[in-house]
Amino acid sequence: MHSKVLSPANIEKYHAGYKSFTGQVCAGRRCPHFGTEMLEKDGTLVCPMHGLKANPATLVIY
Ligand code: FES
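Residues numbered from 1 in each chain as written. Predicted model: local features only at pLDDT ≥ 70, side-chain atom pairs only at ≥ 80, totals over all residues.

## Quick word on the sheet that holds strand E2 (residues 44-46)
Part 1 of the reasoning: Here we have 3 strands laid out as an open sheet, ordered E1-E2-E3, and antiparallel in their pairing. Edge positions in the sheet fall to strand E1 (39-41) and strand E3 (53-54), since each has one partner strand and no second.
Part 2 of the reasoning: As paired strands, E1 and E2 are joined by 3 bridges and run antiparallel to one another. By the bridge assignment, Glu40 is partnered in E2 with Leu45. (Pairing = 2+ DSSP bridges. Helix = DSSP H or I, 4+ residues; strand = E, 2+ residues; numbered from the N terminus.)

## Remarks on the nonpolar core
Part 1 of the reasoning: Core analysis: the biggest nonpolar cluster contains 8 residues, these being Cys26, Cys31, Met38, Leu45, Cys47, Leu52, Ala54 and Ile61.
Part 2 of the reasoning: Residues within four places of Cys47 in sequence aside, it is in contact with Cys31, His33, Thr36, Met38 and Leu52. (Core = buried A, V, L, I, M, F, W, Y, C linked by C-beta atoms within 7 Å. Buried ≥ 20, exposed ≤ 12 C-beta atoms within 10 Å, placed from the backbone. Contact = placed C-beta atoms within 7 Å.)

## Points about unusual backbone geometry
Part 1 of the reasoning: Unusually for a residue other than glycine, Arg29 sits at a positive phi of about 60 degrees.
Part 2 of the reasoning: Its place among the elements puts Arg29 in the loop between helix H1 (8-19) and E1.
Part 3 of the reasoning: Despite not being glycine, Asp42 has its phi angle at roughly 50 degrees, a positive value.
Part 4 of the reasoning: As for its placement among the helices and strands, Asp42 is situated in the loop between E1 and E2.
Part 5 of the reasoning: Take Asp42: there are 5 C-beta atoms within 10 Å of it, and that puts it in the exposed class.

Here it is as structure tokens:
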């Protein structure tokens, strides 16, 4: 059975993985993670898969 609750170790991995994308550019509004099309919501680009966020003007992940 798959649990949706992350263990503390997995939470750390998640944050470390997210941090590795900050500062990258989502060229063509494509997520630098899997190339998913980022969607604009409330003035921010958001990846619908895992939630990376980017500035829609600069396309930089923050
Ligand atoms: S595909 Fe993982 S955050 Fe975009």
